[in-house]
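# Structural characterization, general
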Amino acid sequence: MNVQNQKNRGNFLEMMELLASYNEQVGALVLGNAPQNAKYTSHQIQKEILHVFARNVQSSIRHEIGDARFCLIVDEARDESRREQMALVIRFVDRSGFIRERFLDIVHVKDTTAATLKEEISFVLSHHNLDVQNIRGQGYDGASNMRGEWNGLQALFINDCPYAYYVHCLAHQLQLALIAAAREISDVHTFFQNLIFIINIVSASCKRNDELRAFQAATIEHLVDIGEIETGKGVNQVGGLQRPGDSRWSSHFKSICSLIKMYGATCLVLENIALDGSTYSQRGDTAFSFKLLMSFNFAFILHIIKDVIGITNMLCQALQQKSQHILNAIHLMTTTKTLIQKLRNDGWKTLLEEVTSFCKHQDIEVADMDDCFSSVGRSRRK
Amino acid sequence: MQELNNRFNEQAIELLKLSTALDPRNSYKLFNVEDICLLVDKFYPQDFSDQEKIHLRLQLQHYELDVPNHPKLKSMSSIADLCQGLVETEKSTIYPLVDRLIRLILTLLVSTTTTEQAFSAMKIVKTRLRNRMEDDFLVNYLIVYIEKEIVERFTIDMIIDDFYSMKERRAQLK
C-alpha cells in the first residue's frame, strides 16, 4: 500500500510534517521536494545521525577526562531480549575539581568470566584512548567473578596496574551485611520468612489486592473523618504491600513500612479469606498467617526491625547519590553506628511504648514484659 | 554490629583511614603530615617521584598553616568541596602535589549506583516492543539518553558537519 495515502503514517513522519508546517520554506522542501529527491528519512539515516550524536558525546567525555586518573565502575545485567550487557562507567575529577561519573559504553558480552570481561573492557578503553596505567580504582558488586582474589576481574587489572584498588560497592555491602546480621537471630529470621509468607498470600491475586486497597481506603477515610491524620497531596496514598529482596537496596525497609501502614487492612483481608476461602489450603494458610499477624511477638519484632533498618536506610540512601565520595561515606558509617548504639542503650522504653500503643490500636494482646523477659531479651541483644 | 565491622574490614580500609588525614572537617583537626606522606609512600608510589615526595612534605607544611586560616576554605565540610575550593581560590597552583593527591583520593568510588542507573535507562529504551534492537543502536541511544547534559550543548551545525564527513551525500544542506 502506498504510504502517502494512509491516514496515519507513523509517529515519525507525522511529526516531521507537523514541524515542517511551522515554516513555509521548510515545508516546501521537506518530504518530497528537496533537490535530487533526498528525504533522509530512512532508518539507516536516522541511525547514522544518532551515531553522530553518540560519537560527539563520547569524544566530549574523553576530552573532559583528559589525562586525569580515573576509576572503573562495571556491572552487568540482562536486557529485554536476554542478552548479557555490561555497562562501563568512568569516575574522575575534572579540571575544576568536580567529581564526575560518566557513562562511557555498554557492551554485549558472551559470557561473564573474568577473562572475557577484561578483554572487553580493555578493548573499550583502548578504543577511547584511555591508558590502563591510569586506573586508580575499580568498583564492582560482590559477585565472585568480579572480586575473586586470584582470577577475579579485579586481580587481572591489578596485574596490569598495581594501583587499581578494588572497592566493593558500599551500598551492596551494607545491604548484605545488614541482612546477614539480622538473620543471625533466629527470631528475626523467622519473622522475615513469615513476612514474605503473609505478603505472598495477600498479594497473590488481583482480587485480594483490590480488597486490600478498598479496606485501606476506608480506614484512611475514617481516620481523616475523626481528624487523626492530616490530608494533603500524596500523603494518604493507598499503596500495596511490597516484597523484600536480599540484594535489593532498602527493599526491606519499604516492605516493613508498607505493612505497618496497612496492618489493619491486611488483617481484615486475611480474616475474610480465612472464613470463606474456597479450599482447605487457602483457609489453613490464611488462618495461620492471621494468627501470626495478631501475635505480640510479630508486632514487636516488626517495630524493632523498623527502627534499626530506618537508621541504616539513611546511610543506604546517601550511598546511592551520584558523586558520593568515600570519606563522606565513612563519616555516615560512624554516625549510623552511634545511632544504633544509642538505640540499643536507651531506645528500649520508647520502643516498648510505641509497640504497646500500636498493639492496643490493632487489638493485639500485649505480653507481660516481666513474664517472658528471657525470650524478648534475646531479640533485643542484636 | 559485629557483622558490619566484619564486612567493612578490607584492604581498602587502611587507605581510607589514612586519607581521613586530609579531611577539612572541624577546621582540619585531623590534619596530619606523617599520615599523608605514609599514604603516598604506601599507595601511590608511582604517581609521585622521590623528588616530589620531598616537595610534598614541604608543601604540606605550608598547607597546614595556610589553608585552615583561609576565610573561604576554613569551613569546608568535605574533600569534594575542598577540591573545588582549591581550584576556585587558585591554591591548587600553589600546592600542585596536594591537589594531585586529593584528586586521587576523590577518584576512589563508593558505590556502583551509576551503572545501576544505566540499566534502569536500558529498561526504558529497550522495551518489550523493541527487543530486537541492534547492539550498536542500543549503545548510541543509551549514550545520548544518559548524558543528556552534554548533548544539550551541541549545535545543529556540528552535527550536520559530522553527518557529511561520514560519507558522500546527495543533497547539500550547506
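Preceding this section is the structure that the text describes.
Let us look at the structure shown here.

Basis of the calculations
Residues numbered from 1 in each chain as written. Chains lettered and ligands numbered in written order. Predicted model: local features only at pLDDT ≥ 70, side-chain atom pairs only at ≥ 80, totals over all residues. Heavy atoms only, no water. Contact = heavy atoms within 4.5 Å. Buried area = accessible area lost by both parts, 1.4 Å probe. Salt bridge = Lys/Arg side-chain N within 4 Å of Asp/Glu carboxyl O. Polar contact = N/O pair within 3.5 Å; in protein donor to acceptor, adjacent residues only side chain to side chain. Helix = DSSP H or I, 4+ residues; strand = E, 2+ residues; numbered from the N terminus. Axes fitted to C-alpha atoms, helices over the stretch in contact; angles between N-to-C directions. Parallel < 35°, antiparallel > 145°, perpendicular 65-115°, else oblique. Left-handed = near helix turned anticlockwise from the far one by under 90°. Nonpolar A, V, L, I, M, F, W, Y, C, P; charged D, E, K, R; others polar. Buried < 20%, exposed > 50% of the residue type's maximum accessible area, 1.4 Å probe, protein only.

## Considering the interface of chain B and chain A
- If you look at the interface, chain B gives 75 residues, while chain A gives 92 residues.
- Interface area for chain B against chain A, summed over the two sides, is near 7,700 Å², with a carbon-plus-sulfur share of 67%.
- If you look at where chain B meets chain A, you find four salt bridges.
- The closest approach of N and O atoms between Asp 135 of chain B and Arg 83 of chain A, which form a salt bridge, is 2.5 Å.
- Our count for the chain B to chain A interface comes out at nine residue pairs in polar contact (both at pLDDT 80 or more).
- The dominant element in the side of chain B that touches chain A, judged by the number of residues it contributes, is helix α9 (residues 135–146) of chain B, at 10 residues.

## What to know about the packing of helix α3 (residues 43–65) of chain A against α9 of chain B
- Interaxial distance between α3 of chain A and α9 of chain B falls to 9 Å at its minimum, and their mutual angle equals 55°. It follows from the interaxial angle that α3 of chain A and α9 of chain B lie oblique. The chirality of how α3 of chain A crosses α9 of chain B is left-handed. Contacts between α3 of chain A and α9 of chain B involve Lys 47, Leu 50, His 51, Phe 53, Ala 54, Val 57 and Gln 58 of chain A on the former and, on the latter, Phe 137, Asn 140, Tyr 141, Ile 143 and Val 144 of chain B.
- Of the residues assigned to the contact of α3 of chain A with α9 of chain B, the class counts are eight nonpolar, three polar and one charged.

## A look at the pattern of salt bridges
Residues and elements named next belong to chain A.
- One pass over the full model with this rule turns up 11 salt bridges over all chains.
- A salt bridge links Arg 213 to Asp 210; its shortest N-O distance comes to 3.7 Å. Of this pair, Arg 213 and Asp 210 both sit in helix α9 (residues 206–225), three residues apart, which is roughly one turn of the helix.
- By relative accessible area, which is 37% here, Arg 213 ends up partly exposed.
- The salt bridge partner of Lys 306 is Glu 354, with a shortest N-O separation of 3.8 Å. With Lys 306 in helix α13 (residues 296–319) and Glu 354 in helix α15 (residues 348–362), this pair connects stretches of sequence that are 48 residues apart.
- Taking the relative accessible area as the measure of exposure, Glu 354 reaches 31% and is therefore partly exposed.

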